[in-house]
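# Secondary and tertiary structure notes
As a plain string of letters, each chain reads:
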Amino acid sequence: MGYKLAGFNHLGGVEIDPPIADVYKTNHNPKFLFNQDIREFNNRTDLPKELYQLDILDGSPPCSTFSMAGSREKAWGKEKVFREGQAKQSLDDLVFVYCDTIIKLQPKVFLLENVKGIIQGNAKVYSKNIVKKMNDAGYTVQVFCLNAASMGVPQKRERVFFIGHKKEFAFPKLKLEFNETAITFGEVEKITKNVLGIKISEAYKKWWDITPKGKSLSYNHPIGSFFNSYKCSPLEVIPTITATGGAAIIHYEHPNRISDECIIQCGTYPLDYKFKNIDPKYLIGMSVPPVMTAQIANQIYLQWLSKL
């Protein structure tokens, strides 16, 4: 959706999770949709010529193993059955599998998006190896850490983007500097019909009652529980929307989660987007906000692709 907003012709994608692929197909009707493991896609020999002539290839390998809120090192190299697929697999090596996809399709420009944790601590070695692998494959690579809140998205969401172009084009260094005025939750409320969602449980309410606006419910908790649930503030941008069901964004005056309509607004999805049987918070929590993508794509076009 972000690429459509930026004026690109979106061709299709690869998605392992059937329900997510179905939502994707329903809303975008892509010309090419491969509902399979990216490893299987990489082994295909029947891909259409159009996929070898891309201006941009964009990918977001699953990132839970790099998240600072996740297992990180404990999960690296270990196989398990994940929510996104039906096969037993490890996730930390998918960043390199996606690099193989880029090398296979040879787009002019590629993006690889992940969580901020991939450039922190011991995970830095993954970042360095991504850059080295793509540099050895003939791409000039830059790494950016961007916050969606400075890009016209009413949500604090920091993400890392590896962006590269074929060395043959000798483009100048990409400059991504976004300083848009922050959109607070109070401003979102003004354009939202139904602000309140379901009531929180007593376990949450006990800590919500004594939590200042704009803080995690762990603020006064003796052992830091409920760290991923927040009492929002009308004067601040809401925190990162996560896919985890227990991670609640709670209204500042009422003991209710904010509504799906609020989540959709803060995720910069259209209000008429067809989520089907998928919880909007889950899907939005798993994705890059479309407006964030559009901002990056627009700059890539203006600074690079428009010069060809």
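Residues numbered from 1 in each chain as written. Predicted model: local features only at pLDDT ≥ 70, side-chain atom pairs only at ≥ 80, totals over all residues. Heavy atoms only, no water.

### Description of the overall build of the protein chain
Scanning the protein chain for helices and strands turns up 10 helices and 13 strands. Taking 308 residues into account, the globule formula puts the C-alpha radius of gyration at 19 Å, and the protein chain, at 20 Å, falls close to it. Counting only C-alpha atoms and orienting by the principal axes, one finds that the protein chain spans roughly 60 × 40 × 35 Å. By the burial criterion, 50% of the 308 residues in the protein chain qualify as buried. The contacts of the protein chain with a sequence gap of at least 6 include a subset with a gap of at least 24, amounting to 64%. (Helix = DSSP H or I, 4+ residues; strand = E, 2+ residues; numbered from the N terminus. Rg over C-alpha atoms; globule rule 2.2 N^0.38 Å. Buried < 20%, exposed > 50% of the residue type's maximum accessible area, 1.4 Å probe, protein only. Contact = heavy atoms within 4.5 Å.)

### Structural notes on helix α5 (residues 124-136)
Its 13 residues place the ends of α5 18 Å apart at the C-alpha level, agreeing with the 18 Å of an ideal helix rising 1.5 Å per residue. Residues of α5 that are buried in the fold lie against α4 (94-105), β6 (109-115), β7 (139-147) and β8 (158-166). Just past α5, the residue G138 takes up positive phi, approximately 100°. (Expected span 1.5 Å × (residues − 1).)

### A few points about the packing of α4 against α5
With their axes 11 Å apart at the nearest point, α4 and α5 run at an angle of 15° to one another. Judged on the interaxial angle alone, α5 and α4 are roughly parallel. In this structure, α4 meets α5 at a crossing whose hand is right-handed. On the side of α4, the interface is formed by V95, F96, C99, D100, I102 and I103, while α5 contributes Y126, N129, I130, K133 and M134. Here the residues of the contact of α4 with α5 sort into eight nonpolar, one polar and two charged. (Axes fitted to C-alpha atoms, helices over the stretch in contact; angles between N-to-C directions. Parallel < 35°, antiparallel > 145°, perpendicular 65-115°, else oblique. Left-handed = near helix turned anticlockwise from the far one by under 90°. Nonpolar A, V, L, I, M, F, W, Y, C, P; charged D, E, K, R; others polar.)

### Side note on the nonpolar core
One finds L51, F110, L112, I130 and F162 to be the most contacted residues of the largest nonpolar core, which totals 27 residues. Looking at this core, the elements with two or more residues in it are β2 (32-34), α3 (38-42), α4, β6, α5, β7 and β8. With residues near it in sequence (within four places) discarded, F162 still touches F110, L111, L112, I118, S127, I130, V131, V141, Q142 and V143. (Core = buried A, V, L, I, M, F, W, Y, C linked by side-chain atoms within 4.5 Å.)

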